[in-house]
Amino acid sequence: MENTPLPSQEAVKAGPVHHDMIYAKSSGAGISAVAIIRVSGGLVTDLIEALTRKPCPQPRYAMLATFYELAPDHSSDHANIIDRGLLLYFAAPNSFTGEDMAEFHIHGGESCQKDFMAELAKFPKCRPAEPGEFTKRAFWNGKMDMVRVEGLADLIHAQSRAQRKQAAAQSFGALSNQCHNWLSMLIKMRANMEALIDFSDEELPEQIETQLNDQAGALRIAINNSIIDSKKAVKLREGLKLAIIGTPNSGKSTLLNHLSNEKLALVTEHAGTTRDLIRSHLEIAGVPVTIIDSAGIRTTADPIEQQGIALSHDLLSKADIAIIMTSIAESESVNLDLGKMSADQHQTPNPIRVINKIDLNPEYRKNDQFDHYISLVTQDNVDGLQQDLESRVRAIAHIADMPQFSRQRQINIIQKIIDALDGFQESAHDDYGVRAEYLRIASDLMGRLLGRIDIEQILDKLFNEFCIGK
Amino acid sequence: MDYDVIVIGGGHAGCEAAAAAARMGANSCLITHRLDTIGIMSCNPAIGGLGKGHIVREIDALDGLMAKAIDRAGIQYRVLNRSKGAAVQGPRAQADRDLYQSAIYNLLQDQPNLTLIEASVETFLMSADHKLEGVITGDGKKINAKTIIITTGTFLRGMMHEGNVSTQGGRVDDPAAFGLSSALSGLSLNMGRLKTGTPARLDARTINFDLLQKQWGDDDIEPLSFMTESIALKQICCYITETNEATHKIIADNLDQSALYAGIIEGTGPRYCPSIEDKIIRFADKKSHQVFLEPEGLNSHSIYPNGISNSLPQPIQLAFLRSMRGLEQVEMLKPAYAIEYDYVDPRCLNHNLATKNMPNLFLAGQINGTTGYEEAAGQGLIAGINAALFCKAEAPLILDRATAYIGVMIDDLVTKGVDEPYRMFTSRAEYRLSLRADNADSRLSDIGIALGVVGDLRARHWAACKIAQEDAKRQLTEIRLSPHEWNAQGIKVKQDGKMRSLLDILAITPDDALALLFSKYDLLHKIDSKIFKKVATDSKYNSYIDRQQIDIEAMRKDSQLKLPTDLDYAAIGALSNEMIERLNHAKPESIGIAARLPGITPAAISALYRHIKHPTMAA
């Protein structure tokens, strides 16, 4: 039986897009040994030939080439050389963007980079890329789904080891592949459900309905596993906030300096030196942590210091972990105030009570009021504090090997998919229309997760997060 | 001008088209080559079913013919999927073929503004500036009209196959329409070729029914028309037999003689209504297929064996038939055959079913690549209404995907085209929970009354029905109890402190648990049973429908975002060549339609959104 397709039904050949060519430096900012410039779209091969005055190399083979100015004057080749470097050509659709692309590895000097890009700008219809435009084109050409795009955005911005691992899982597969598997499972389940509705039972395998129920149950468990640790995954993606708060001159800034190995805060022996919040970023147990040092809390007449103290109070409520510090030099009454303040007023979720300057009175540790009795001068028990900090960070943001969704958008959709699967299981089993509706909702949502539906606002927000050329 | 509307073809599409145009007040005529075949059921003797029953109810809500006719001819009624929930139930009725045909004929004869003409149409009357002005019949007569609706079914270059014997024709004993086919080719419409088939007709007197399982209809008959109170005709039963390994062997051994498998037939057949050759080849592990033996009428000896259409030579047909239980001595009244025919790529049409080239030429039915009486009739109805609206220079009637199965079907046809004969399934409707067979009148009758396509009788009937429904709803809402009080009555309700009305309780009560409520509330006995069922079903689906409303509004908003028909998609940027080519070919009228085109990615749709909102911005 031969199908006689109408002319319009013949498969339309996919091909590269011939609109603007875009270029951007895709290696880091500043001067470097090598700089990589990427070009995508349009007549990339023409550009290569014009720059090298040689035929375009085979796709995916590196070529060492001299790059010439595009000026039509060929009289003195030597005078027109911009640089010499490596060149790679990627033919559509087998490239990052799905378009024809080229990578130029040139010398990373300021002038080399500047001149090379100025030359590109002279080429017809070639312009600098907007932020995120390479990824945008990859998305438009079906090279990436939303989960991957979001993963890539996180990967580029990843500051810490664990963050990078999580983002890579999203960007290079695990999570995205899982979503595609779930989507195809849902589509298959929908097909079976529709078969039960539109065809008579005699025509269908007997087990089909039981299978459907089993599949829905298994799918629910699998999908739920992907958000079971999502609170931690979100924390990991966003990073933690550690507040250091306490009585004036108790050594908060010294501790901060110790943790970050940098002299960030100005340390003097006078109480009230730190009036602003000082932020410092570091990695604890693979998780990025922002440390916020603050003005000491005490009753003061100085209005500027008062403001600083107000900020400290506010900080406590927002921090994931708070180190509440006092020192042996302070009076007993202040210590008691401190304990009251943290417990009653601010409900710090994760307080670590520390008393410093234990070297001044080694006997003091008999008092059980504090978690750690340290001396930043003698380094006494500072390791213990650091270990405690690490284990608390792990508890908040460290996730198991299972890939987890880490963006609120993703988690919300996954939660709705789980609700729909629950609806499927819980609705009256003799109302096929309603059951099929729940499966439709679930598969539509999964499509939305992968970026199939109403994605415009997310796209704009997301593509703005990209560095140019990445 | 002789007529406002000429309808060519007297099948299910043509009859609905002509009657609808006439009801709209257009001066209409129906031209068919044989008046005595008007409304004939060329294939199976049944109307309705899954998806199809929905269409029949929609036609009825717009005062069309099909449901009224079947209720004058129905000899077995069954609601399919009865145990699977109201949203997916499809009413169906077995027809007495002769009674159905005469019911249609009588309805047409009684229709004011409608003339029936027996003639063949040879070609079109074109003006000097290439405008369609009418038709020229086989005897050379010129008939002028403002609009023409073509509903010629399988008759365009129809070719029937029975083994290696191929005959030109649109149906057994009926000539094909070759003149019209070539006239259509002159209008630069894209044509394709499809095939379908029909099984043999068996002589009831040669079947041993005693050996066969009986299948009766429902005791509680649900008529197809909202207007029908009861069915007067005697009800009959159908019989079930099945193929066996011997049957399969006979067919497999003779495949080389099947027109389908010997490569004589080029057109694409429907996957969901396969020939018996197809079933045996594609599902080789299945040792038996059910065959339903459906009587074709109360006084007829003809039996329609449902499920064994084929294109084998007659002796082979007889041999495999006789291998089945009960059919050992069977004789054929007519052999099975496959038919190939031309169809017009429905993407040549606008949503009002007029061709894009000629705004006064409408196409409806099998010519657009569909299969089935109901699908044809639904299109005929819409083409008839729109031809009449065109004559009055009024805006066309376009039912959207959230309003009617007919809307889903037409949208599918004109946006996606077909690659096999198109049949309605309930799964084609995204908003299935709102598009139910039971609420077609609520969805469509008011639209029909506003258009003028619904007659006085039905308008009054629907008005009364609406009042009764509102009344019942009000009474059922007035009884409100707390969870504690409901539980005290033996009705299990969540203890959440929420007051619930009797209507709310009906929404969560399965049909088989209604008895308790009926025993407690006299009111339920006082409400007319039909009205009660409608109100209770509405209440059951309301929460889901509310949820779908968001999707529906988004869909409607997208169809408001018009795309210029002269838009050059290559100039938009951010579209891949594949998208550009598909969009330039389809020239979708709106973003909503573009999103439903096959192969169009969501990314392409967002690019179109951006283009519409900021046409000057580069992607």
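Just so it is clear, the model here is predicted, and its values are computed rather than measured.

Along the backbone of chain A there are 15 helices and 12 strands. Counting the 470 residues in chain A, one finds 51% classified as buried. Relative to all contacts within chain A whose residues are 6 or more apart in sequence, the contacts with residues 24 or more apart total 66%. Total accessible area computed for chain A in this model is approximately 21,800 Å², and 52% of it derives from carbon and sulfur atoms.

Moving on: empty space enclosed by the protein. Residue and element names in this part refer to chain B. As enumerated under the stated definition, the model contains five cavities of 30 Å³ or more in all. Within this model, the second largest cavity holds a volume of roughly 50 Å³. As for the second largest cavity, its lining consists of His351, Ile382, Leu397, Ile398, Leu399, Ile406, Gly407, Ile410 and Asp411. At four residues, the largest contribution of residues to the lining of the second largest cavity is made by helix H10 (residues 405–416).

The next subject is the sheet that holds strand E5 (residues 90–95) of chain B. Residues and elements named next belong to chain B. As summarised here, the arrangement of the three strands in space is E3-E5-E4, forming an open sheet in which the pairing is antiparallel. At either end of the open sheet lies a strand with only one pairing partner, and these are strand E3 (46–48) and strand E4 (74–80). If you compare each strand with its neighbour and ignore which way they point, the axes differ by 20 degrees on average. One ladder, built from three bridges, connects E3 with E5; its direction is antiparallel. If you follow alanine 46 over to E5, its bridge partner there is glutamine 94. Packed on one face of the sheet, helix H2 (residues 52–61) meets E3 and E5 and runs near 80 degrees to E3.

Moving on, we come to unusual backbone geometry. Generally, phi is negative for residues other than glycine and the peptide bonds are trans, each holding for most cases. A cis amide bond, omega 0 degrees, links Ala92(A) with the succeeding residue Pro93(A). In this model, Asn113(B) sits at a positive phi of 70 degrees, which is unusual for a non-glycine residue. The topology assignment puts Asn113(B) in the loop between helix H4 (97–109) and strand E6 (114–118). Assessed through its relative accessible area of 38%, Asn113(B) is described here as partly exposed. With a phi angle near 45 degrees, Lys587(B) is a residue other than glycine that sits in the positive phi range. Within the secondary structure, Lys587(B) is located in the loop between helix H18 (577–586) and helix H19 (591–596). We classify Lys587(B) as partly exposed; its relative accessible area is 28%.

Further remarks concern the pattern of salt bridges. One pass over the structure, following the stated rule, counts 44 salt bridges over all chains. For Glu437(A), the salt bridge identified is with Arg440(A), shortest N-O distance 3.2 Å. Here Arg440(A) and Glu437(A) lie together in helix H14 (residues 432–449), a separation of three residues that amounts to about one turn. Residue Glu437(A) shares its accessibility class with Arg440(A), and that shared class is buried. A salt bridge links Arg440(A) to Asp444(A), with the nearest nitrogen and oxygen atoms 3.4 Å apart. In this pair, Arg440(A) and Asp444(A) are both assigned in helix H14, four residues apart and thus about one turn of the helix distant. Each of Arg401(B), Asp411(B), Asp412(B), Lys416(B) and Glu430(B) takes part in a single network of salt bridges with overlapping partners.

When two helices pack together, their arrangement is captured by the angle between the axes and the distance separating the axes. All names here are of chain A. Helix H7 (residues 208–225) packs onto helix H6 (residues 174–198) with a crossing angle of 155 degrees between their chain directions and a minimal axis gap of 10 Å. Our classification of the angle between H6 and H7 gives roughly antiparallel. Handedness of the crossing formed by H6 with H7: left-handed. Where H6 abuts H7, its residues Trp182, Met185, Leu186, Lys188, Met189, Asn192, Met193 and Leu196 lie against Ile208, Glu209, Leu212, Gln215, Ala216, Leu219, Ala222 and Ile223. For the contact of H6 with H7, the per-class residue count stands at 12 nonpolar, two polar and two charged.

Across chain B, pLDDT averages 89, with 95% of residues at or above 70. The ipTM for the predicted assembly is 0.82, set against a pTM of 0.77.

Residue and element names in this part refer to chain A. Structurally, isoleucine 321 is set in strand E10 (residues 321–327). Accessibility expressed as a relative area gives 2% for isoleucine 321, which makes it buried. Put simply, isoleucine 321 and leucine 242 are 79 residues apart on the chain and 4.9 Å apart in space, counted from C-alpha to C-alpha. Setting aside residues up to four positions removed in sequence, isoleucine 321 forms contacts with Lys241, Leu242, Ala243, Asn350, Ile352, Leu389, Arg392, Val393 and Ile396.

Here we take up the packing of H7(A) against H14(A). Residues and elements named next belong to chain A. Two elements in contact, H7 and H14, have axes whose closest approach is 13 Å; the angle formed by their N-to-C orientations is 35 degrees. Seen from above, H7 lies across H14 with left-handed handedness. Residues Glu209, Leu212, Asn213 and Ile223 of H7 touch H14, and the partners they reach there are Tyr432, Arg435, Leu439 and Met446.

Here we take up helix H13 (residues 408–426) of chain A. An ideal rise of 1.5 Å per residue puts 27 Å on 19 residues; H13(A) measures up with 26 Å between its terminal C-alpha atoms. Every buried residue belonging to H13(A) is among Arg409(A), Gln410(A), Ile411(A), Ile413(A), Ile414(A), Ile417(A), Ile418(A), Ala420(A), Leu421(A), Asp422(A), Gly423(A) and Phe424(A), and all of these are buried.

Residue and element names in this part refer to chain A. Tracing the chain through its elements places arginine 435 in helix H14. Buried and without a salt bridge, arginine 435 has glutamate 209 as its closest oppositely charged side chain, separated by 4.3 Å. There is a polar contact of 3.0 Å between the side chain of arginine 435 and the backbone oxygen of phenylalanine 424.

Before going further, it helps to examine the state of the cysteines. According to the stated counting rule, one finds zero disulfides over all chains in the structure shown. Counting only cysteine sulfurs, Cys238(B) is the nearest neighbor of Cys237(B), a cysteine outside any disulfide, at a range of 6.9 Å.

Turning to the pairing of strand E4 (residues 81–90) of chain A, a few remarks are in order. Residues and elements named next belong to chain A. Buried residues dominate E4, accounting for seven of its 10 residues. Direction of pairing for strand E3 (residues 63–68) relative to E4: antiparallel, over a ladder of six bridges. Paired with methionine 63 across the two strands is leucine 87, which belongs to E4. By the bridge criterion, five bridges tie E4 to strand E5 (residues 101–107) in an arrangement that is antiparallel. Bridge pairing in E5 links leucine 86 to histidine 105.

Definitions and limits used
- Residues numbered from 1 in each chain as written.
- Chains lettered and ligands numbered in written order.
- Predicted model: local features only at pLDDT ≥ 70, side-chain atom pairs only at ≥ 80, totals over all residues.
- Heavy atoms only, no water.
- Helix = DSSP H or I, 4+ residues; strand = E, 2+ residues; numbered from the N terminus.
- Buried < 20%, exposed > 50% of the residue type's maximum accessible area, 1.4 Å probe, protein only.
- Contact = heavy atoms within 4.5 Å.
- Areas by Shrake-Rupley, 256 points an atom, 1.4 Å probe, with all protein chains shown as cover.
- 1 Å grid on protein atoms, 1.4 Å probe; cavity = no way out; pocket = protein on both sides within 12 Å on 5 of 7 lines; lining within 4 Å.
- Points joined across faces, edges and corners; volume = space filled by probe spheres on them.
- Pairing = 2+ DSSP bridges.
- Axes fitted to C-alpha atoms, helices over the stretch in contact; angles between N-to-C directions.
- Salt bridge = Lys/Arg side-chain N within 4 Å of Asp/Glu carboxyl O.
- Parallel < 35°, antiparallel > 145°, perpendicular 65-115°, else oblique.
- Left-handed = near helix turned anticlockwise from the far one by under 90°.
- Nonpolar A, V, L, I, M, F, W, Y, C, P; charged D, E, K, R; others polar.
- pLDDT = per-residue confidence, 0-100.
- Expected span 1.5 Å × (residues − 1).
- Lys, Arg positive; Asp, Glu negative; His and termini not counted.
- Polar contact = N/O pair within 3.5 Å; in protein donor to acceptor, adjacent residues only side chain to side chain.
- Disulfide = S-S within 2.5 Å.

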